[in-house]
Amino acid sequence: MKLVTYRASVEAAARLGVLSGDLVVDAALLGEAYGEAIPDSMLGLIDAGRPGLAALSALMAKAGSVPPIGTATALANVTLLAPIPRPRKNIFGIGLNYVEHVAESAAALDTDPNLPKQPVIFSKPPTAVIGPNTPIEHNKKITRQLDWEVELAVIIGTTARRVTRAEALAHVFGYSVMIDVSARDCRRAGQWIFSKGQDTYAPFGPCIVTADEIPDPQTLDLWLTLNGVEKQRSNTANMLFKVDELIADICQGITLEPGDIIASGTPAGVGAGRNPQEWMWPGDVVVATVEGIGTLRHSIIDATPE
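The rules behind each value
- Residues numbered from 1 in each chain as written.
- Predicted model: local features only at pLDDT ≥ 70, side-chain atom pairs only at ≥ 80, totals over all residues.
- Heavy atoms only, no water.
- Helix = DSSP H or I, 4+ residues; strand = E, 2+ residues; numbered from the N terminus.
- Rg over C-alpha atoms; globule rule 2.2 N^0.38 Å.
- Buried < 20%, exposed > 50% of the residue type's maximum accessible area, 1.4 Å probe, protein only.
- Contact = heavy atoms within 4.5 Å.
- Areas by Shrake-Rupley, 256 points an atom, 1.4 Å probe, with all protein chains shown as cover.
- Lys, Arg positive; Asp, Glu negative; His and termini not counted.
- Charge placed at Lys NZ, Arg CZ, Asp CG, Glu CD.
- Core = buried A, V, L, I, M, F, W, Y, C linked by side-chain atoms within 4.5 Å.
- Pairing = 2+ DSSP bridges.
- Expected span 1.5 Å × (residues − 1).
- Arc of directions from axis to C-beta.
- Phe/Tyr/Trp six-rings, centres within 6.5 Å; stacked < 30°, edge-to-face > 60°.
- Lys NZ or Arg CZ within 6 Å of the ring centre and 35° of its normal.
- Salt bridge = Lys/Arg side-chain N within 4 Å of Asp/Glu carboxyl O.
- Axes fitted to C-alpha atoms, helices over the stretch in contact; angles between N-to-C directions.
- 1 Å grid on protein atoms, 1.4 Å probe; cavity = no way out; pocket = protein on both sides within 12 Å on 5 of 7 lines; lining within 4 Å.
- Points joined across faces, edges and corners; volume = space filled by probe spheres on them.
- Nonpolar A, V, L, I, M, F, W, Y, C, P; charged D, E, K, R; others polar.

J.: Can you tell me about the overall build of the chain, naming the residues and giving the values?
T.: The helix and strand tally for the chain stands at seven helices and 19 strands. Taking 306 residues into account, the globule formula puts the C-alpha radius of gyration at 19 Å, and the chain, at 19 Å, falls close to it. Principal-axis analysis of the C-alpha atoms gives the chain an extent of 60 × 50 × 30 Å. For the chain, the residues scored as buried account for 54% of the 306 residues in total. Partitioning the intrachain contacts of the chain with sequence separation of at least 6 by distance along the chain shows that 75% fall at a separation of at least 24. Put simply, the chain shows about 12,900 Å² of open surface, and 52% of that area lies on carbon and sulfur atoms. Measuring between centres, the 25 positive side-chain charges of the chain sit 4 Å from its 34 negative side-chain charges.

J.: Lay out the nonpolar core in plain terms, naming residues and giving numbers.
T.: Across soluble globular proteins, nonpolar side chains have a tendency to be buried as a group. If you look at the biggest cluster of nonpolar residues, it comprises 51 residues, and the most contacted ones within it are Tyr175, Ile247, Leu256, Ile262, Val286 and Ile293. Beyond its immediate stretch of four places on either side in the chain, Ile262 contacts Phe92, Ile94, Leu152, Ala153, Val154, Ile156, Leu246, Ile247, Ile250 and Leu256. Counting 31 residues, the second largest nonpolar core, distinct from the first, contains Val18, Leu30, Leu53 and Ile261.

J.: Can you break down the pairing of strand S3 (residues 23–26) residue by residue, with the values?
T.: Pairing analysis gives four bridges linking strand S2 (residues 15–20) to S3, with the strands arranged antiparallel. From the neighbouring strand, Ser20 faces S3, where its bridge partner is Leu23. Across three bridges, the pairing between S3 and strand S4 (residues 72–74) is antiparallel. Looking at the pairing, Leu23 lines up with Ala74 of S4.

J.: Account for helix H3 (residues 49–63), with residues named and values stated.
T.: Here H3 is 15 residues long and its end C-alpha atoms lie 22 Å apart, about the 21 Å a rise of 1.5 Å per residue gives. Inspection of H3 places Gly49, Gly52, Leu53, Leu56, Leu59, Met60 and Ala63 among the buried residues, and these make up the whole buried set. With its buried residues spanning 125° around the axis, H3 presents them on a single face. Residues of H3 that are exposed and point more than 90 degrees away from the buried face comprise Arg50, Pro51, Ala61 and Lys62. Positive backbone phi, approximately 65°, marks Gly64, located one or two places after H3.

J.: Describe the packing of aromatic side chains, with residues and values.
T.: Between two aromatic rings, the relevant description is the distance of the centres plus the angle of the planes. For the structure on display, the rule yields one aromatic pair. The side chain of Arg188 reaches across the aromatic face of Phe194, ending 4.0 Å from its centre. Stacked on the ring of Trp223, the Lys or Arg Arg233 has its end atom at 4.6 Å from the ring centre.

J.: Tell me about helix H7 (residues 243–250), and name the residues and values.
T.: Taken across its eight residues, H7 has six buried, putting it largely inside the fold. Within the sequence span of H7, burial applies to Val243, Asp244, Leu246, Ile247, Ala248 and Ile250.

J.: For the pattern of salt bridges, give the residues involved together with the corresponding values.
T.: Using the criterion set out here, one finds 14 salt bridges in the structure. Linking Lys196 and Asp180 is a salt bridge whose minimum nitrogen-to-oxygen distance equals 2.8 Å. Of this pair, Lys196 sits in helix H6 (residues 193–196) while Asp180 sits in the loop between strand S12 (172–179) and strand S13 (182–183), placing them 16 residues apart in sequence.

J.: Run through the sheet that holds strand S16 (residues 229–235), naming residues and quoting values.
T.: In spatial order, the strands read S9-S19-S18-S15-S16; together these five strands make up an open sheet with mixed pairing. Each of the sheet's edge strands pairs with one partner strand only, and the pair in question is strand S9 (136–138) and S16. This sheet shows a mean twist of 15° between the axes of neighbouring strands, independent of strand direction. Inspection of the sheet shows strand S18 (residues 285–290) paired to strand S19 (residues 294–302) by six bridges, in the antiparallel sense. Counterpart to Ala288 in the pairing with S19 is Leu296.

J.: Talk me through empty space enclosed by the protein; I want residue IDs and the actual numbers.
T.: Unfilled space is identified by rolling a water-sized probe across the atoms. For the structure on display, the rule yields one cavity of 30 Å³ or more. Space inside the largest cavity adds up to approximately 140 Å³. Considering the residues around the largest cavity, the lining is formed by 17 residues, among which His101, Glu149, Arg184, Trp192 and Lys196 are closest to the centre. Top element by residues in the lining of the largest cavity is helix H4 (residues 99–109). It accounts for three residues. When its residues are assigned to classes, the lining of the largest cavity shows five nonpolar, six polar and six charged.

Encoded structure:
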């Protein structure tokens, strides 16, 4: 299933929906139509575990292509939010996880040219998250080196603590798209959180595709364009540390809980690695896609305070 968080109007509350063609089927209303209780939020569904997901899947199959009256709205008439609009914890970011990106980063950003022996982990706070089509803010008083990174996002479904690689993927709820926006000139003494964690620096969505539809997350093409010009293109097969390795590594020391998000790293082609270097500026449009999941499109706006 492709799961979304949506709002039917400006005043309406955020709701959990399922994409079905050009419709968004409201999960909780679908449940009510068939006399079953289904959560009305993404985190609620994740917390319901495999039984909750199975129940929703069964109801979608029962409804078929014509959901019960009052349970669906045209996709064109709703606003999609980030699938988890307010994560409970910081997003786990992974740096230097594609071999060619390690090389370009070393040349442009003075990072270690040697391939990492362990995943490089940083974080983005929940306040960095924005949903589809929400503008990315450019504050020229803070940065003049705003960069792009397309990434596969991994959403944890069940608690993972000291699990093995063989067990890791069983803890995944689903997958999504994230743009790891980075202010390259805001790194501080080697620390990345201010560079990568500012407001609007974690575009996320447009949906979460449940893990049963992506049995192997290492087979997905991903690409990014800026103003219609392709800047990044690769495949998740080229990750240095695969998704199962990332989960197994992180949870040896930090328990991964339902709803946690891992942004799994970006391939080569970032602005900092180009000659001459390129950056995002107000008026630009960045578009990022992961095969089988969807596309994020965001404009860059001037948010410089007076």
